[in-house]
Amino acid sequence: MMKLSLLGLAMGLASQAALAAPTAPPLQDKQAFIEHLISQMTEAEKIGQLRLISIGPEMPRDKIREEIAAGRIGGTFNSRTAPENRPMQDAAMRSRLKIPMFFAYDTVHGERTIFPIGLGMAATWDMEAVAKVGRTAAIEASADALDMTFAPMVDIARDPRWGRTSEGFGEDTYLTSRIGQVMVRSFQGSSPANPDSIMAIVKHFALYGAVEGGRDYNTVDMSLPKMYNDYLPPYRAALDAGAGGVMVALNSINGVPATSNTWLMNDLLRKEWGFKGVTISDHGAIQELIRHGVARDGREAAKLAIKAGIDMSMNDTLYGEELPGLLKSGEVTQRELDQAVREVLGAKYDMGLFKDPYVRIGKAETDLKDYYGNDRLHREAARDVARRSLVLLENRNQTLPLKKAGTIALVGPLADAPIDMMGSWAADGKPVHSVTVREGLRRAVEGKAKLVYAKGSNVTGDKAIFDYLNFLNFDAPEIVDDPRPPAVLIDEAIKAAKQSDVVVAVVGESRGMSHESSSRTTLEIPASQRELIKALKATGKPLVLVLMNGRPLSISWEREQADAILETWFAGTEGGNAIADVLFGDYNPSGKLAITFPRSVGQIPMYYNHTRIGRPFTPGKPGNYTSQYFEEPNGPLYPFGYGLSYSSFELSGLNLSSKDLKRGDTLDAKVTVKNTGKVAGETVVQLYLQDVSASMSRPVKELKNFQKLMLEPGETRTLTFRISEDDLKFYNGQLQRVAEPGEFNVQVGLDSQAVQQQSFELL
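Only a predicted model underlies this, so the values are computations on that prediction, with no experimental measurement involved. (Residues numbered from 1 in each chain as written. Predicted model: local features only at pLDDT ≥ 70, side-chain atom pairs only at ≥ 80, totals over all residues. Heavy atoms only, no water.)

### Examining the pattern of salt bridges
So, point 1. Tallied over the full model, the rule gives 63 salt bridges.
So, point 2. A salt bridge links Asp-126 to Arg-388; the shortest N-O distance between them is 3.1 Å. Of this pair, Asp-126 sits in the loop between α6 (118-123) and α7 (127-143) while Arg-388 sits in helix α16 (residues 379-389), and the two are 262 residues apart along the sequence. Across the pair, Arg-388 and Asp-126 agree in class, each one buried.
So, point 3. The partner of Asp-147 in a salt bridge is Arg-360, and the shortest N-O contact between them spans 2.9 Å. In this pair, Asp-147 is assigned in the loop between α7 and β4 (148-149) and Arg-360 in the loop between α15 (334-350) and α16, connecting sequence segments 213 residues apart. The exposure classification of Asp-147 matches that of Arg-360, with both residues buried.
So, point 4. Sharing partners across several salt bridges, the network here consists of Asp-126, Lys-132, Arg-383, Asp-384, Arg-387, Arg-388, Asp-581 and Glu-682. (Salt bridge = Lys/Arg side-chain N within 4 Å of Asp/Glu carboxyl O. Helix = DSSP H or I, 4+ residues; strand = E, 2+ residues; numbered from the N terminus. Buried < 20%, exposed > 50% of the residue type's maximum accessible area, 1.4 Å probe, protein only.)

Given below as structure tokens:
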């Protein structure tokens, strides 16, 4: 009887507990669903959600699946196919609460199809082209079973010595903000929960592009007004476009590392901007707080990071190891832990993973036969965007376009370089799929002209640089040297040139020279290539330089040697075909620089929208006691917004609809554009504003709008730019966003220097 009574009592208590237990809310109610899930989680499971683990030697796949099944991992990166990711999601479905995993990767400028690097994308000044990159990348990445990308990278870069200049969209706040927004919307589509969309994680928050001396991972020291006016807006714009999260920068800001920066992560991002998404540390950044000198040990580093608002620890060891003890001691509160978990679960919810953990993985029977197959590539889109990204810098005596006739010499260490064509952070692009310049030209002239090829030189003759660049790449050598003596390589190139009608030399940087951890002390083309150019010039044959590079180069000397120069960046999978299209005139170049080209490294930082000063240098006037360098001409080699065409364009008749602007009203700036050339072409008309007199020194001009348009020969079109009070606003010394009354200059041009100007008054 006693046993039966105890059994009955137990059953009764169980029934009461069941009645008392809260019912799981419907999945449609995001907040209630997540709060209920958090209430069911153990402390260990909560900590597990904050761990983002790298697939690689740090943790073998078997161990990862074991950890996932135990609820100790929230997401992974570096696994890129459904067959790789499905076993990990299966492990998550075996965990106690079945919280799904997410799978992330750096899909920056393409996934399988590689598009031009960020600087190249920006040079299109074409938001439809940018959208094509983001949408194609999302389609391919989601088909690879990826849920999230660490992109777009919207760090403003004004010191091109920084290797990661190649990843971003240049020096300008407005242009970078526009591109960042388009990329976010293209990655995420109408919802990051869609099977063909991925969540965008904006990086690197914040100010990473302003590292001192252009040296990667270095410090940033910056005034708050400059921060708010120039460097922060692109992150804000990308988040306003709906990006699901931010990756936190590796640098310190005014002495405090971003990863432990409570002002940056809480006061600014969460409170001032109202951001609700997930924050993710960069790779190993929490551990690095010890080397920054702000944490004594791993325990303090973990404490600083989570209290600052770092939700997920990338390549984590410290959150997993240290948070249990910190919670036990009360140094980290349950509320702080829950808040981080809430954002991680919220991101998973927004990616649609609670509704269907296999939304992008699919079923095994739907797996692709070959995830690396050529048939997966979007070659037409890649070729189209690559053509739009190319910038014609010089074209003396109409050397270009070339004729598909006679004999063409193709030389240079980058003329047949498939791995370099893809550029840095090329996701899962394969060099075997790249169309090199050699292949592109061969296809273009086949049956019409003779193409003679010679390498001419190695990328660099410096063994230390060669060894460093190859050390960067774990899969295969970045650079394969031709073992023949330099003189033999040059003689071969001279021989090719002498038998040809024109010489095309493909020179510049290998992709590893414009990469993370590849900061440079010079912006010159390596000496081995300069010797080649010198020898080619001596042949007397017309010389076309095709540049491949991920940053502005100081090419004053090269400009004097060349008859034409085409800037091609790292143009991606279809780069060779795109370059051939432009060289032979099958496509009229329309790219414009998104970053200033200095004459020499000594001019850095050089950017078009610098702050006005009391003693500016004026070209054509004596330089004494003005802000100038006396050894060489002042000003850029090529200004922001610059780019030539095979046609010519003329602006006229800039006119404002009013000379006064009242608060809350708008005025229109109209300008007429005419194609004065002989072929159809596109150009970019750019509108800049200058605040003539303000409470603090303001930039000499700021880009505020632009329009790209196609015109037939002789065609004229009138463009209208609407200007509002919001276009005039800036953050003053008290960090108030204001438009101050007074005079404003409106400048319209085809680049940032050659402009027409009119003025109006803000009342």
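Anyway, onward from the coordinates.
### Some remarks on the domain arrangement of the protein chain
So, point 1. Per the domain assignment, the segments making up the protein chain are domain 1 (381-603) and domain 2 (649-762).
So, point 2. Computed from C-alpha atoms alone, the centre-to-centre distance between domain 1 and domain 2 is 36 Å.
So, point 3. With five residues of domain 1 in contact, the opposing surface of domain 2 contributes nine residues.
So, point 4. Between domain 1 and domain 2 lies a buried interface of about 500 Å² when both sides are counted; carbon and sulfur atoms form 36% of it.
So, point 5. Considering only the side of domain 1, the residues that lose the most area to domain 2 are Asn-588, Ser-590 and Lys-592, jointly responsible for 81% of the buried surface there.
So, point 6. For the pair domain 1 and domain 2, the interface holds one salt bridge.
So, point 7. In this structure, Glu-682 and Arg-388 form a salt bridge, with 3.5 Å as the shortest nitrogen-oxygen distance.
So, point 8. At the surface where domain 1 touches domain 2, the tally comes to five residue pairs in polar contact (both at pLDDT 80 or more).
So, point 9. Here the side of domain 1 that touches domain 2 is built from residues that sort into one nonpolar, two polar and two charged. (Domains from an automatic or database assignment. Contact = heavy atoms within 4.5 Å. Buried area = accessible area lost by both parts, 1.4 Å probe. Polar contact = N/O pair within 3.5 Å; in protein donor to acceptor, adjacent residues only side chain to side chain. Nonpolar A, V, L, I, M, F, W, Y, C, P; charged D, E, K, R; others polar.)

### A few points about the sheet that holds strand β19 (residues 666-675)
The pairing of strands in a sheet comes from backbone hydrogen bonds and takes either a parallel or an antiparallel form.
So, point 1. The sheet built from three strands is open, its strands ordered β17-β19-β22 with antiparallel pairing. Of all the strands in the sheet, the pair left with one neighbour each is β17 (649-656) and β22 (716-724). Averaged over neighbouring strand pairs, the angle between their axes works out to 25 degrees when direction is ignored.
So, point 2. In this sheet, β22 lies alongside β19 in antiparallel orientation, the contact comprising nine bridges. Counted as the bridge partner of Val-673 is Arg-717 from β22. (Pairing = 2+ DSSP bridges. Axes fitted to C-alpha atoms, helices over the stretch in contact; angles between N-to-C directions.)

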